[in-house]
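Secondary and tertiary structure notes
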Amino acid sequence: AEAEHAAVLRVKSNPTTGFSWAAVQDKELFDIQEDYAADAQKEPVTGSGGVQVFTMTPKAAGTARITFTYSRPWEPSDIDPEFTCTSSQPLMAIR
């Protein structure tokens with residue numbers, strides 16, 4: 001897939017506390033690259049957050065649902081913040 005068809009999602013995150021965003025697809029229609037950038041600090045600060053960046057590049061035509069959940073992976077929870085993207089390649093809508 002060509003880079004101009006990629007969608008980029010940036011979300012606040014703080015993995016130093018164990019919380020991070022995870023992406024799950026209902027169909028494997030996207031290559032999802034995940035990166036993290038810590039917030040700029042004058043001095044190192046324990047517990048400071050940053051931004052997780054998800055780059056979603058379509059690898060096949062079709063419609064897929066990608067659910068993003070913010071949690072500590074080892075702790076079960078029914079109240080994790082989450083949101084879902086539905087994509088009809090190459091356009092994406094976030095709800």
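The text that follows walks through the structure, step by step, so that each part is easy to find. For clarity, every value in this text was computed on a predicted model and none was experimentally measured.

This brings us to the overall build of the protein. Looking only at helices and strands, the protein has zero helices and seven strands in total. Going residue by residue from the N terminus, the α and β elements of the protein occur as β-β-β-β-β-β-β. Taken over 95 residues, the protein has a buried fraction of 33%. A fraction of 62% describes how many contacts in the protein between residues 6 or more apart in sequence connect residues 24 or more apart. If you sum the accessible surface of the protein, you get close to 6,200 Å²; carbon and sulfur atoms cover 53% of it.

A word on the sheet that holds strand β4 (residues 50–58). If you trace the three strands from one edge of the open sheet to the other, you get β1-β4-β3, paired in antiparallel fashion. Edge positions in the open sheet fall to β1 (7–13) and β3 (30–38), since each of these has one partner strand only. Taking the axes of each pair of neighbouring strands and ignoring which way they run, one obtains an average angle of 20° across the sheet.

Relative to the helices and strands, E28 is located in the loop between β2 (20–25) and β3. Spatially, the C-alpha atoms of E28 and A60 are 8.5 Å apart, while their sequence positions differ by 32 residues. Within polar-contact distance, the side chain of E28 engages the side chain of Q25 at 3.5 Å.

Turning to the pattern of salt bridges, a few remarks are in order. Note on pairing: side chains with opposite charge can pair once their charged atoms come close. Applying the stated criterion across every chain, the model contains three salt bridges. Residue D39 is joined to K12 by a salt bridge in which the shortest nitrogen-to-oxygen separation is 3.7 Å. Pair noted here: D39 is in the loop between β3 and β4 and K12 is in strand β1, with a separation of 27 residues, a long-range link. Residue classification places D39 among the partly exposed positions, given a relative accessible area of 30%. Take K12: its relative accessible area is 59%, and that puts it in the exposed class.

Formed by 13 residues in total, the largest nonpolar core has its most connected members in L9, W21, M56 and F68. If you list the elements that add at least two residues to this core, you get β1, β4 and β5 (63–71). By residue number, the principal contributor to this core is β5, which donates four residues.

What follows is about the side chain of S48. Here S48 is to be found in the loop between β3 and β4. Excluding residues that lie within four positions of it along the chain, S48 makes contacts with N14, T16, Y36 and Q41.

Reading guide: rules and limits
- Residues numbered from 1 in each chain as written.
- Predicted model: local features only at pLDDT ≥ 70, side-chain atom pairs only at ≥ 80, totals over all residues.
- Heavy atoms only, no water.
- Helix = DSSP H or I, 4+ residues; strand = E, 2+ residues; numbered from the N terminus.
- Buried < 20%, exposed > 50% of the residue type's maximum accessible area, 1.4 Å probe, protein only.
- Contact = heavy atoms within 4.5 Å.
- Areas by Shrake-Rupley, 256 points an atom, 1.4 Å probe, with all protein chains shown as cover.
- Pairing = 2+ DSSP bridges.
- Axes fitted to C-alpha atoms, helices over the stretch in contact; angles between N-to-C directions.
- Polar contact = N/O pair within 3.5 Å; in protein donor to acceptor, adjacent residues only side chain to side chain.
- Salt bridge = Lys/Arg side-chain N within 4 Å of Asp/Glu carboxyl O.
- Core = buried A, V, L, I, M, F, W, Y, C linked by side-chain atoms within 4.5 Å.

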